[in-house]
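Examination of the molecular architecture
Each chain, letter by letter, is given below.
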Amino acid sequence: MDVRAPIDLVPDHRVTGAAEAVADGPFAPTWEGLTGYRAPDWFRDAKFGIWAHWGPQCAPEAGDWYARRMYVQGDEAYRVHLQEYGHPSEVGFKDVIQGWRAENWDPADVVARFAAAGARYVVAMANHHDNFDLWDSRHHAWNSTRLGPRRDVVAGWAGAARAAGLPFGVTVHAAHAWTWYETSRGSDTDGPLAGVPYDGALRAEQGTGTWWEGLDPQDLYAQRHPLSDGAGDPERAHGQWAWGDGASRPDEEFCRRFHDRTIDLVNQVEPDLLYFDDTALPLWPVSDAGLRIAAHFYNSSVARHGENRAVLLGKVLTDEQKTRLTWDVERGAPEDLQELPWQTDTCIGHWHYDAALAGRHGYKSALTVVQTLVDVVSKNGNLLLSVPVRGDGTIDQDEQDVLTEVGEWVQAHGEAVFGTRPFQVAGEGPSLETANPVNAQGFNEGRVVFTAQDIRYTRDGDTVYAFPLLLPGGTVRLTRLGHDAFAADVVEVSWLGSAQAPQWQRTPDALEVSAPRTPDEPGRASQVQVLRVRCR
């Protein structure tokens, strides 16, 4: 089934009466008007970003989609919520927000750890599907300056990133609150509170005498609408991401408010990168809101810099959309080299902090992170790596250990990654010969095991870099650098970080190089070594 949303669809609503105007400039708020976009060089050179996917859903430290799953009787998040907060008919996600304090958050310290790990840009979440804005939002009272930590979280991350000299991006996910929160309108099907509604249908007039008096829960939960087909199924939302398959489609007011909130975010933060967790653009094809935001983002960048230096990321793109946005692949990668720059976003654990996963030491290893980085960069992509942040604003020891090891590898081998461009091919070896297509947003990582026969390539001018994805024994054989496959002359071969010159020979079939002598450290990032091949 094709889950894309092409450019020739006609939106249900067009944004009118907006409080936030689209900036004038060379880009117009139509698909045709976004023609001329190209990923800027800073992004193509950066290759590696780190993401703080952090908000009030991290407070329970119970993993992903907590604000949806806590309203599903029998789910682990529901059990955690009963134990830690109370029954969702009495204590809902609005109350989790109010109790979130972020008491140990020091953005400068966390960003310094990201930078030491080799990150060349930093990204923070501006809101999630929970519909809670993490900045001083002019159009949404449910925001972090009024509730929870009572701080402008996005401004804190932005200031720390820019003080460290790093480009800064934000991610926006709230377009899906309309359907995502539908579980909050359910009730237990058995037990002492069976049939008692959860708090998702509360209205402002019911808040008299409560801590949320003066706030409207419907501005958060967005549930003034008929339910989607299968609304009680916690997994049904995945198939309705592009507003089909029986999804309830947002009304004009919801679209306008999302539009105004997001343009306000762009105006306040002036991000270098804007990521949407949406098929193509947010609310497409229900509304043209996403097109207006895209044009504003690009035009604002042109006004500041004299050229468009903005990166706008969307998912499940058609070929036409890939020329107007940058393609983002969630937890995965295309099978081969891409003509246009793209990005994968993945996480060393679950997107939202999960204490149970941390307790069983379940994070990706630094070796896996480095292999992913190399594979992605060889295919003309960037890696945006999420490092889950605890509810209190800190990262745990296992995460720090992964970042330290990745940073050591980057320090030794970064010349082969940063500022490079693709070689003639992404690489060679069994993993590139195994069918592993992306599925919808991506979701194909971890299905292929990298071996010592898997090689990836990058290039910087006359220098080619070759990465065996595991340290081989004996000899490395690079068929893509043999005389028959590569016409240039090879004049020097060396292993990065090694003073010992390797033995090598070149035949019509391959460039053969003796493997470096390194300590036997199976499972460590140092198992990925890099050959520098100078050509003329």
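Our subject is the structure listed above.
Residues numbered from 1 in each chain as written. Predicted model: local features only at pLDDT ≥ 70, side-chain atom pairs only at ≥ 80, totals over all residues. Heavy atoms only, no water.

1. Thoughts on the side chain of Gln223
Residue placement: Gln223 occurs in the loop between α8 (217–221) and α9 (236–239). According to the relative accessible area criterion, Gln223 is buried, its value standing at 5%. Within the structure, Gln223 has its side chain in polar contact with the side chain of Arg185 (distance 3.0 Å). The contact partners of Gln223, leaving out residues within four places of it in the chain, are Ala177, Trp178, Tyr181, Glu182, Ser184, Arg185, Gly200 and Gln218. (Helix = DSSP H or I, 4+ residues; strand = E, 2+ residues; numbered from the N terminus. Buried < 20%, exposed > 50% of the residue type's maximum accessible area, 1.4 Å probe, protein only. Polar contact = N/O pair within 3.5 Å; in protein donor to acceptor, adjacent residues only side chain to side chain. Contact = heavy atoms within 4.5 Å.)

2. Some remarks on the pattern of salt bridges
One pass over the full model with this rule turns up 27 salt bridges. Two residues, Arg324 and Glu32, come together in a salt bridge whose shortest N-O distance is 3.8 Å. With Arg324 in the loop between β5 (311–315) and β6 (326–330) and Glu32 in the segment before α1 (41–46), this residue pair connects regions lying 292 residues apart in the sequence. The salt bridge partner of Arg524 is Glu405, with a shortest N-O separation of 3.1 Å. Pair noted here: Arg524 is in the loop between β15 (511–514) and β16 (531–535) and Glu405 is in helix α14 (residues 397–413), with a separation of 119 residues, a long-range link. (Salt bridge = Lys/Arg side-chain N within 4 Å of Asp/Glu carboxyl O.)

3. A word on the packing of helix α13 (residues 366–378) against α14
Where α13 meets α14, the axes come as close as 9 Å, and the angle between the chain directions of the two elements is 45°. Taken together, the axes of α13 and α14 are oblique relative to one another. Classified by chirality, the crossing of α14 by α13 is right-handed. Contact residues: α13 offers Ala366, Val369, Val370, Leu373 and Val374, while α14 offers Val402, Glu405, Val406 and Trp409. Taken together, the residues of the contact of α13 with α14 sort by class into 8 nonpolar, no polar and 1 charged. (Axes fitted to C-alpha atoms, helices over the stretch in contact; angles between N-to-C directions. Parallel < 35°, antiparallel > 145°, perpendicular 65-115°, else oblique. Left-handed = near helix turned anticlockwise from the far one by under 90°. Nonpolar A, V, L, I, M, F, W, Y, C, P; charged D, E, K, R; others polar.)

4. Observations concerning the environment of Thr171
With respect to the helices and strands, Thr171 occurs in strand β3 (residues 168–172). C-alpha of Thr171 to C-alpha of Ala466: the two residues are 295 residues apart in sequence and 33 Å apart in space. Here Thr171 is in contact with Trp51, Val123, Ala124, Met125, Ala126, Asn127 and Tyr275, once residues within four sequence places are set aside. Looking at Thr171, its side chain comes within polar contact range of the side chain of His173, at 2.9 Å.

5. Focus: the nonpolar core
In this structure, Phe93, Trp157, Phe168 and Trp409 are the most contacted members of the largest nonpolar core, which totals 144 residues. Residue contributions to this core peak at 8 residues, all from α13. Filtering out sequence-adjacent residues up to four positions away, Trp409 remains in contact with Val370, Leu373, Val374, Gly414, Val417, Phe467, Ala525, Val528 and Val530. Counting 18 residues, the second largest nonpolar core, distinct from the first, contains Ala466, Val476, Ala488 and Leu511. (Core = buried A, V, L, I, M, F, W, Y, C linked by side-chain atoms within 4.5 Å.)

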